[in-house]
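# Notes for the structure review
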Amino acid sequence: MSISTNSSQNQINLNPVGKSVPRIDGKGIVTGQTKYVFDVSFPNMLIGKMIRSPHPHARILRIDTSKAEALAGVRAIITAKDTYNIKYGSNEYFFPHTVDQMALESEKVRYIGDEIGAVAAVDEETALAALELIEVEYEQLPSVTDVLEAMKPGAPQIHDAMNNIGVILPVNFGNPERAFKESFLVREDKFYASAAAMAALEPHVCVGQWETFSNKITLWASSQAPFKCREALAKTLKMDLNDIRVIKLAVGGGFGGKLEMLPMDFASCLLSKKAGGLPVKICYNREEEFSFSRRKHAMYYKVKTGVTKDGLLTGMTGEVIADGGAYCSYGPTVMAAAIMRIFMVYKIQHFRINGYRVYTNTPISGAMRGFGGVQSGFAIESHMDLLAKDLGLDPIEFRLKNITTPNMVTVNKMFLTTNGLKECIEKAAVASEWTHKRGNQSYHKSGILRRGIGIGIAADVMGSKMYKSHESAGAIVKVEEDGSVYLFTGAADTGQGSNTALSQIAAHALGVKYERIKCKSGDTEITPFDTGSFASRVTFISGNAALRAGQDAKMQILEIVAQELKIALTDLDLIGEEVLNTKDKTVLMNFDKALELCYSFNYGKQIIGRGSYNPKTTPIDFRTGEGNVSGSYGFEAQIAEVEVNIETGEVKILKIWDAHDIGKAINPQSVEAQIEGSLAMGIGYTFTEDLRFKNGRVLNPNFANYRVPRSIGTPEMHSILIETDDPEGPFGAKGMGEASLLPTSAAIANAIEDACGVRIKDLPITPAKIIQALKDNQSIT
């Protein structure tokens, strides 16, 4: 067998990790050939619609579906009497008392839109007509839609929780009161962050089919977590997991809103059973999407902090009150994230904040990108700027005195290994010319326009062991005889490009070029288990599984080569499509030749690599807040430069810089796209996104009245990638999908105060609020 010479440059060029390779699904998306769930169509497929409550709070006395059943074209109607009346929830493992929602409510409705049944008909027109014929008799009950009113004694009782407080989360370390007594200065602030909608371009949609011959279910769903959806279906339908298949097709945006099984998913399957196995499609219209899916928690955040004369944090206390809506959803996780992220960012030993997630008769608050970190980021980072101002310190100088460092253990037992926060702050400051602009009067003033610059910093997890006993992910790498490579992963690509990043990781681990990879993801029957796409976990956790599967497949190939050439396995490697002798760096054969050997008469070895990864974490003790929730942590600093018109109150963002510790950029272009997408989302939440309610009804359930940022007017964005090479991450990578969203509102609010001297403490920041603050201030010239 011939042996060629060293070709290391070719190996480097073919290694895909660290390169901005094209998205694996890119051509299908831009040509319109990618299949979304709405594109799924079957012969005789029925259209389903949900039967919803028109009242915010009422008792169900009677449901009469007889007239609708007699309507031509109606094939099935279901209500709670057709179900097992089993409750489900998203934080059941650690918080069993928060399991409070039924797939179809049987006794009481708790918000306008609460699901009590569903109908399936031959077309949408017939299904809508059937809804009009269904008679429901209610006993209306007193309702409460304001979160602060809901906590008062005597408020209408929505569930059995005392004062409607569904979740209480105390986080307590040290002695903050003593720390305050020893402090040079103690400051207290109150903030409010508004509710917001997911506003995904693709609404919720599913197709359910019950196979009558096998009593098995297939659900095609726009889902961020198909395996979690399968678990909820199995529980509420009293079926075995292996009798339910959930297939995730392409997702047109999730942002946390597609993490849970919704009643529509359950209903499509049960309607199919009642219709004799005909498939049933249910798709929300835009008003339903805004009004009846999930939303960001509106949150009141009170924080009190002590500091020394030279600017060191001594202690912190506070209170967080979150409007949870009618059911618990991901409430405990949101509260934990809203309170405990601060430990990743700041060194603080004396701490006590109590969190309260409160039921109201409004649509359900759930997981939304950043969980509670966006609301807490606005509060904490605004508060830190105000502390620095009180001390006469530069905001960056103040933060650098107090931030966490590499290889430290926080007071609540988080293990921070690689930590690029200091470098993020310093690099962002240099890029934005912070020292020149901050406090420079010639820079600040230009007629009625005032310029300012502000900073916010943040940290985030790479997954979160808050949902079940493990958070493992699996992957399979199958190498075919023709050299094509299939990656099977349970991870859910919801548009962020995770299939591409995981394919790059698998290809690099196997030692082949990226173009060989084909990726199949998110099918509970054929892909390994994965908890889903949330908490910035996919690159880190699912990526480690893909890495191990690629390495396993590579070792199987090298074992055959070692046997054939009678070379020690430890002296072989497969890099850049070439099998190498690692002792003398010579190329022994290319990948195709090695694969031909594996499938030859003498060996007949099928190459199927397997990988599994469960991060090294510890469960949180929710009585105190102690626990290492993530296998690694990501960090970032964000600086916003704004221009404020002091006559109109209008704010223009001139530039945003985002310096991000991403461990290692698997795909730099995708990383930058994630950062820019988060920044756009943060800008929208800061200025325009405000889901408004009156008497429990959403007032702005459409894009005409719920304003999201457009590409026109998007400011100049600069991404600075800080690579800290995390020892636990795949090829050193960390997750980073959500962190860029966390400090945006605060960075902008801090910049506005630097520009015109007014502090806005409640979101969204509007021209009217700025004008009023300027009038109250009266010091602007």
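Residues numbered from 1 in each chain as written. Predicted model: local features only at pLDDT ≥ 70, side-chain atom pairs only at ≥ 80, totals over all residues. Heavy atoms only, no water.

Looking at where Asp754 falls in the secondary structure, it is placed in helix α21 (residues 744-756). By relative accessible area, Asp754 is classed as buried at 15%. For Asp754, the contacting residues outside a window of four places in its chain are Arg438, Gly439, His444, Arg451, Gly452 and Ile453. (Helix = DSSP H or I, 4+ residues; strand = E, 2+ residues; numbered from the N terminus. Buried < 20%, exposed > 50% of the residue type's maximum accessible area, 1.4 Å probe, protein only. Contact = heavy atoms within 4.5 Å.)

To continue, consider the domain arrangement of the protein chain. Each domain of the protein chain was delimited in the assignment, giving domain 1 (46-141 + 206-255 + 263-275), domain 2 (295-465 + 620-776) and domain 3 (473-613). Summarising the inter-unit geometry, the C-alpha centres of domain 2 and domain 3 are found 38 Å apart. On the side of domain 3, 18 residues touch domain 2, which itself brings 22 residues to the contact. Carbon and sulfur atoms supply 65% of the area buried between domain 2 and domain 3, which totals about 1,500 Å² over both sides. Area buried by domain 2 at its contact with domain 3 is led by Ile666, Pro730 and Phe731, which between them contribute 36% of it. Scanning the region where domain 2 abuts domain 3 turns up zero salt bridges. Where domain 2 packs against domain 3, one counts nine residue pairs in polar contact (both at pLDDT 80 or more). Here the residues of the side of domain 2 that touches domain 3 sort into eight nonpolar, nine polar and five charged. (Domains from an automatic or database assignment. Buried area = accessible area lost by both parts, 1.4 Å probe. Salt bridge = Lys/Arg side-chain N within 4 Å of Asp/Glu carboxyl O. Polar contact = N/O pair within 3.5 Å; in protein donor to acceptor, adjacent residues only side chain to side chain. Nonpolar A, V, L, I, M, F, W, Y, C, P; charged D, E, K, R; others polar.)

On to unusual backbone geometry, then. Going from Leu763 to Pro764, the amide bond is cis rather than trans, its omega being -5°. Tracing the backbone shows Pro764 in the loop between α21 and α22 (767-777). You will see that Asn163, though not glycine, has its phi angle at about 55°, which is positive. When you line up the elements, Asn163 lands in the loop between α5 (147-150) and β9 (165-173). Note on Asn163: relative accessible area 28%, which makes it partly exposed. Non-glycine residue Asn695 carries a positive phi angle of around 55°. Along the chain, the position of Asn695 falls in the loop between β33 (693-694) and β34 (697-698). Relative accessible area serves as the criterion here: at 57%, Asn695 is assigned to the exposed category.

A few words now on the packing of aromatic side chains. Per the stated rule, a full pass over the model turns up 15 aromatic pairs. On the numbers, 4.9 Å between centres and 85° between planes, the contact of Tyr93 with Phe94 is edge-to-face. Accessibility expressed as a relative area gives 48% for Tyr93, which makes it partly exposed. Residue classification places Phe94 among the partly exposed residues on the basis of a relative accessible area of 23%. Centroid distance Tyr330 to Phe371: 6.1 Å. Interplanar angle 85°. Geometry classified as edge-to-face. Placement of the pair is Tyr330 in the loop between β18 (313-325) and α10 (331-340) and Phe371 in the loop between β19 (351-359) and α12 (373-391), with a sequence separation of 41 residues. Accessibility classification places Tyr330 together with Phe371 in one group, the buried group. Following the ring pairs from residue to residue traces out a cluster consisting of Tyr93, Phe94, Phe95 and Phe622. Across from the ring centre of Phe38, 4.7 Å away, lies the NZ or CZ of Lys281, which sits over that ring. Directly above the aromatic system of Tyr685 lies the positively charged group of Lys296, at a separation of 4.7 Å from the ring centroid. (Phe/Tyr/Trp six-rings, centres within 6.5 Å; stacked < 30°, edge-to-face > 60°. Lys NZ or Arg CZ within 6 Å of the ring centre and 35° of its normal.)

The buried count for strand β17 (residues 298-307) comes to seven of ten residues, which makes it a mostly enclosed element. Pairing of strand β10 (residues 185-193) with β17 involves nine bridges; the strand directions are antiparallel. By the bridge assignment for β17, Glu188 is matched with Lys304. Of the strand pairs in this sheet, β17 and β18 are connected by ten bridges, and their pairing is antiparallel. Residue pairing in the sheet places Thr305 in a bridge with Met316 of β18. (Pairing = 2+ DSSP bridges.)

A few words now on the packing of α12 against helix α13 (residues 395-402). For the pair α12 and α13, interaxial distance at closest approach is 9 Å and the crossing angle is 110°. In terms of axis orientation, α12 runs roughly perpendicular to α13. Taking contact as the criterion, the partners of Glu381, Met384, Asp385, Leu387, Ala388 and Leu391 in α12 are, on α13, Pro395, Phe398 and Arg399. Residue composition of the contact of α12 with α13, grouped by class: six nonpolar, no polar and three charged. (Axes fitted to C-alpha atoms, helices over the stretch in contact; angles between N-to-C directions. Parallel < 35°, antiparallel > 145°, perpendicular 65-115°, else oblique.)

Take the sheet that holds strand β35 (residues 716-722) next. Spatially, five strands are ordered β22-β23-β31-β32-β35 in an open sheet, and the strand pairing comes out mixed. The outermost strands of the open sheet, each flanked by one partner alone, are β22 (445-446) and β35. Sheet topology note: the β22/strand β23 (residues 449-461) ladder contains two bridges and is antiparallel. Along β23, the bridge assignment pairs Ser446 with Leu449. In the packing of α21 onto the sheet, contacts are made with β23, β31 (633-645) and β32 (651-661), and the angle to β23 comes to roughly 155°.

We now examine α22. Residues of α22 that are buried include every one of Ile770, Ala773 and Leu774, and no others. Seen end-on, α22 carries its buried residues on one side only, within an arc spanning 100°. Along α22, the residues that are exposed and aim more than 90 degrees away from the buried face are Ala768 and Asp776. Those residues of α22 hidden inside the fold are in contact with β31, β32 and α21. (Arc of directions from axis to C-beta.)

Our next topic: the pairing of strand β27 (residues 572-575). The alternating pattern of β27 places Leu572 and Leu574 on a buried face and Asp573 and Ile575 on a face that is not buried. Two elements, β27 and strand β28 (residues 578-581), share four bridges in a ladder whose sense is antiparallel. The residue of β28 that forms the bridge with Leu574 is Val579. Two successive antiparallel strands, β27 and β28, enclose a turn made up of two residues, where Gly576 displays a positive phi of approximately 55°.

This part covers helix α17 (residues 498-510). Between its terminal C-alpha atoms α17 stretches 18 Å, which fits the 18 Å expected from 13 residues at 1.5 Å a residue. The buried fraction of α17 amounts to 13 of the 13 residues, a majority that puts the element mostly inside the structure. Gly511 occupies a position one or two residues after α17 and carries a positive phi of about 95°. (Expected span 1.5 Å × (residues − 1).)

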